[in-house]
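# Per-entry structural report
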Amino acid sequence: MEKEKEGEERIGVFVCRCGVNIGGVVDCDEVARYAATLPGVVCVSVNKFTCSDSGQADIQEHIHKYNLNRVVVAACTPKTHEPTFRVCCEEAGVNQYLLEFVNIRDQCSWMHIWNHEGATKKAKDLVRMGVYRAKLLEPLEESEVAVDRNALVIGAGVAGMQAAMDLGDMGFHVYLVEKEPSIGGRMARFDKVFPTNDCSICILGPKMVEVARNENIEIMSYAEVVEVEGFVGNFEITIEHKPRYVDIDKCTGCAQCAGKCPVEVPYDFNEGFGIRGAAYVPFPQAVPLRAVIDLENCLRSEGKECKACIKACERGAIDFSQEKKYSKVKAGVIIVAPGFVTYDPEPRNDYGYGLYDNVITTMEFERLLNAAGPTEGHVIRASDCKEPMRLGFINCVGSRDIKTNVHCSGGVCCMFNMKNAILLKEKRPEISCYLFYMDIRAPFRGYEEFYNRAREIGIRFVRGRPSEVIEKANGNLVIRAEDTLKGVVRNIEVDLVVLGTGIVPHSDIEKISKMLKIPRAADGLFMEAHPKLGPVDTVLGGVFVAGGASGPKDIPFAVAQGSGAASRAARLLVTGKTKIEGITAASDESCIGCGLCVDACPYGALTLDEKENRVMVVGAICKGCGTCAATCPVGAMEQRHFKNVQVEAQVKNLFALA
Amino acid sequence: MGAEQFDQTYPKFEPRIVVFCCNWCSYAGADLAGVSRYQYPPGVRIVRVMCSGRVEPVFIFDAFKNGADGVIVAGCHPGECHYVSGNLNAERRVENTRKALEYLGLGAERLRLEWISASEGMKFAEVMREFTEEIKELGPSPVKSRVDVKNPKS
Ligand code: FES
């Protein structure tokens, strides 16, 4: 039942107090009284919370009672609440596009807290703009599109793996794209994980195998997504497969080639400690457990005819004729989980990192602790290969610092550095550990207890950010810091300094955000659709985020987000269809066929029909930006819901206070 | 009708600023300014469009005709437009419109293009405050005294 009647607008205006959020600043009754005087307005109503059940019922009652065909809601922001009121209108028989949302909270009462009079005046102006626009709104239909039942997951760290597994278990085909030659992400590099100190790879390894075994998951390792086209339900993705120079079907991961490779490269998996060959297996638990040759470091790239790996491989798996390949896949949903990196102190030489041998990062320390690491679990220092007796751990390096990165790593780094101190202290109780901190953030279950344990076993906490680290001739280091609890400056000599580096965006985040158009927050990480209620959604239909790429997270949090993103994505995959906005472009017969809009359209949604000499819009491709409408010199191209007359109605009523 | 009419409504000169905000970045940035309570003067009015690329010169002229002292077109940072390149179209259009304003004697300074992302609530408020101050210096728009703003509104 559509209540649209030609030529007769019956508008209802609903002013929300939003508790005191609006009502405490704006005189809502005054706004409503004013609205009642505007042409076309047949009823007004003020509610304490218009979005509540009773508030929405009030709108629907008014719609029925006054036979409304336009609804103006003056409340918070359409960014969060427009969908709510659209449904409310539809239910009562008013097309959802006949709703006009006026923002008198985020952009009025909250903006002018101390200027009640100004805010009220402004609210009236805004409502008037809305009413005049509402008069000219037209009903539109959303179109329905089918959702492809495949999913794409970018990044196979613990969050991405969890998302892929959940979707795979639900029976959806998943393309799991990982840039590195093995899945596993950051967690595969950790020795032990807080607060239980269980062995990281021992719990992750089986999960990685499970992912590989899941018949619905197609792992694309050593590959990168380079282009994404399309829209929710219908993404077309181009994936670049880097050549491994190893036939993945023949290789067994025996690592014979690695043993024979004459090249020595710093071992990236061990944070640059130790060496690997140009031919190597990423790490013993790698999935897929296959060798890879990095041609950049291979002697062949220098034109030498080395055949060491070819000779070593019994199965003849080495294949230098491989080239970069591209493949195209289709997916209905995309889950983005590229993870994070830790702050690199090298360029600024923070605390002498990069200058002094015995200053390392906590991630490097982690590899030293690991039994499978470069030193088989013995923590030694670089200058003399001795086991340090006194260690200084410095927290918040490259975080909470206006010089580098003001953001906090959300407690992850506190726990991370503390854990490493505990691990070594428990192994070698005779050592002394100092931990320099500004504040300890131990927010979740078991974390506070973990902190207490650190104190109990004798780790000494010094509250204060060290000003500098000074190297002595024997390689020892003096940490200079103000102990802000005692109010004294302390110079503590240690043998090894470990920097607790903060979490910063992965270099891929920028690329992915540009490719998919996911907005980023001030910290450079992905921005979620809503910080509280949409933590794994993005503003883009069908695109979800999980893990450290949308804010620092510990492992349980990342896993939960992986599952969360999977279930959000599954809603679309299960129903197999979704609605897309009715706000698209439309041309009329006054078109002169100049074609200016065709060039301006970012999507190629417009075509010039030579015969008719008129531009046509391909609805499914058009995303409704309105650039064409603004380009059209004769006003033949319009953007639905933002037609010239509709926007102009607002503009004309901007200030004139009657 | 003269400028006095405005003086009744706004006794001291409170610049009237119109901001065309794209839905995805700048409008969300304006919301964030609100959520964070970064204050700016109430003379600022926001008109939402889906993309800054939608803003035509006519809208801008209309805004001046209807009492604006200054206009801002706000969109996503280059490369971040929700619709790929709508903001670049906006950039060109604003540049041309500024020339036209200069020619018409309103002054190019009364029109600005700003890139404000969804996370830049602080920037949004700062730009509004700063622009308001700038327009205060410039004084009321010369168009105002010639248009009867009380009347035809539809
Ligand atoms: S969507 Fe923000 S400028 Fe295009």
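Further up the page is the structure itself.
Below is a summary of the structure that appears in this document. Please read these numbers as outputs of a predicted model, since none were measured by experiment.

Cut-off values and rules
Residues numbered from 1 in each chain as written. Chains lettered and ligands numbered in written order. Predicted model: local features only at pLDDT ≥ 70, side-chain atom pairs only at ≥ 80, totals over all residues. Heavy atoms only, no water. Helix = DSSP H or I, 4+ residues; strand = E, 2+ residues; numbered from the N terminus. Buried < 20%, exposed > 50% of the residue type's maximum accessible area, 1.4 Å probe, protein only. Contact = heavy atoms within 4.5 Å. Buried area = accessible area lost by both parts, 1.4 Å probe. Salt bridge = Lys/Arg side-chain N within 4 Å of Asp/Glu carboxyl O. Polar contact = N/O pair within 3.5 Å; in protein donor to acceptor, adjacent residues only side chain to side chain. Nonpolar A, V, L, I, M, F, W, Y, C, P; charged D, E, K, R; others polar. Disulfide = S-S within 2.5 Å.

Take the overall build of chain A next. Of regular secondary structure, chain A possesses 17 helices and 34 strands. The dimensions of chain A, computed from C-alpha atoms along their principal axes, are 90 × 70 × 40 Å. The buried share of chain A, taken over its 658 residues, is 57%. In chain A, 70% of the contacts between residues at least 6 apart in sequence involve partners at least 24 apart.

The subject of this paragraph is the interface of chain A and chain B. Tallying the contact residues gives 58 residues for chain A and 56 residues for chain B. Together chain A and chain B conceal approximately 4,900 Å² of surface at their shared face, both sides included; 59% is due to carbon and sulfur atoms. Three residues stand out in chain A for area buried against chain B, namely Lys79, Met111 and Phe655 of chain A, and they jointly supply 15% of the buried area on that side. Across the pair Arg45 of chain B and Asp125 of chain A runs a salt bridge whose closest N-O atoms are separated by 2.4 Å. Taken together, the links from chain A to chain B amount to 17 residue pairs in polar contact (both at pLDDT 80 or more). Put simply, the parts of the chain that give the side of chain A that touches chain B at least two residues each are helix H3 (78–91), helix H4 (105–109), helix H5 (116–136), helix H16 (627–631), strand E34 (637–639) and helix H17 (644–652) of chain A. Considering each element in turn, the side of chain A that touches chain B owes the most residues, eight residues, to H5 of chain A. Residue composition of the side of chain A that touches chain B, grouped by class: 28 nonpolar, 15 polar and 15 charged.

In this section: the state of the cysteines. All names here are of chain A. In this structure the tally under the stated criterion is one disulfide over all chains. Across a sulfur-sulfur distance of 2.1 Å, Cys199 and Cys202 are joined as a disulfide pair. Between Cys199 and Cys202 the sulfur-sulfur dihedral comes to about 75°; the bridge is accordingly right-handed.

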